[in-house]
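Here are the chains, one letter per residue:
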Amino acid sequence: MKKSIFSLLTILILFAFTACSEKDSPTAAKIYGYKLEQFVTPEAVMQITDPSADAGTDFRALYAYEIVADDGWSPRNSSNAGYDLAWTTLSTGYIVPDDQRRTWFDNDSLPGAFRVKNSESLRLYRKVDVEDNNGLAYFLELKALPMHCIQNWNGENEDAIKLSDLLAAFDGYTQVTLTAYDDYGRDYTPEQIQDGYYLLNSEVTTFPSFNDEMTGGQKRFKKLAKITADGSSTEVTHSTAAPETTDLQITLPPSFAGYEATELTDY
């Protein structure tokens, strides 16, 4: 009988200890992030691309994004990165205030350099995606390419880049397709590409030697997003334009009150 009472007493003590332990254990702190895409509004990007565009037009995919820390450091400075991010990647990222305002991406293929501590701003650079026949894809920031002064469609001089410079890494090609931000596309010959320019402020092409024989939609191709050639290109890295040529710099807010937070369960 005494043995049974002792056993019961032992069980009660253990139960009480366990209950107290569970009660006394603090709940794990929740980590919240703020999606970076909410700080880059379509309206702000429309203003630097085409203020006359229809309301709701989204040009954000036309730009590359540099994350900059409060001391000026960015992933460009890292040997593990050295490039900026496309919108498809940047828009999936977060800034985490409780982790020293570090940026976070749930992307195992992205170098750790993109976990930028004390993130302060985002810099936008106009870019064009380049693709070849073998599926190789990269992007070039336009103001990293050689600049030319060309007469625009209003008869004024304007900064432009040569379309052929977008394909400088190609060994050869016989046909090229230009694709706009809205997936509209037109085909061009190598001769036309060698002659053509993309006007950076007007956001339109011109082909000085061929304009008279081309249709309107072909010679004035607008909002270039991608250039695809049927040849093969050597593997290249994304180009980066100088910080002083940024098209827009967005300062991340010091306080995130009023912005949408997301609990990061796998942080």
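Going by the structure above, here's the rest.
Owing to the predicted nature of the structure, the values given are computational and were not obtained by experimental measurement.

Rules behind the numbers
Residues numbered from 1 in each chain as written. Predicted model: local features only at pLDDT ≥ 70, side-chain atom pairs only at ≥ 80, totals over all residues. Heavy atoms only, no water. Core = buried A, V, L, I, M, F, W, Y, C linked by side-chain atoms within 4.5 Å. Buried < 20%, exposed > 50% of the residue type's maximum accessible area, 1.4 Å probe, protein only. Helix = DSSP H or I, 4+ residues; strand = E, 2+ residues; numbered from the N terminus. Contact = heavy atoms within 4.5 Å. Phe/Tyr/Trp six-rings, centres within 6.5 Å; stacked < 30°, edge-to-face > 60°. Lys NZ or Arg CZ within 6 Å of the ring centre and 35° of its normal. Pairing = 2+ DSSP bridges. Axes fitted to C-alpha atoms, helices over the stretch in contact; angles between N-to-C directions.

S.K.: Teacher, can you tell me more about the nonpolar core here?
M.R.: Note that soluble globular proteins tend to have their nonpolar side chains buried in a common cluster. Ranked by size, the top nonpolar core spans 30 residues in total, and within it Val40, Leu90, Phe105 and Leu124 carry the most contacts. Residue assignment for this core shows that the elements contributing at least two residues are helix H2 (42-49), strand E2 (63-69), helix H3 (87-90), strand E6 (119-131) and strand E15 (248-251). Among the elements that take part in this core, E2 stands out by supplying four residues, more than any other. Setting aside residues up to four positions removed in sequence, Phe105 forms contacts with Leu36, Ile67, Leu85, Thr89, Leu90, Thr92, Gly93, Leu110 and Phe114. Among the nonpolar cores identified, the runner-up in size contains 26 residues, and Leu140, Ile161, Leu167 and Tyr188 belong to it.

S.K.: I would appreciate a short explanation of the packing of aromatic side chains in the present structure.
M.R.: Geometrically, a pair of aromatic rings is defined through the distance of the ring centres and the angle of the planes. This model, assessed by the stated rule, comprises ten aromatic pairs. Chaining the aromatic ring pairs together yields one cluster made of Tyr34, Phe39, Phe256 and Tyr259. It is Arg76 that lies over the ring of Tyr125; its NZ or CZ is 4.6 Å from the centre. Positioned over the ring face of Trp153 is Arg220, at 4.0 Å from the centre of the ring.

S.K.: I'm lost on the sheet that holds strand E13 (residues 204-206) in this one. Help?
M.R.: As a general point, the strands of a sheet are linked pairwise by backbone hydrogen bonds and lie either parallel or antiparallel. One open sheet holds the four strands; their spatial order is E8-E9-E12-E13, and the pairing between them is antiparallel. In this open sheet, the two edge strands, each paired with only one partner strand, are strand E8 (148-151) and E13. Within the sheet, the average angular offset between the axes of one strand and its neighbour, ignoring direction, is 50°. Relative to strand E9 (residues 157-162), E8 runs antiparallel, the two being bridged by four bridges. Among the inter-strand pairings, His148 is bridged to a residue of E9, identified as Ala160.

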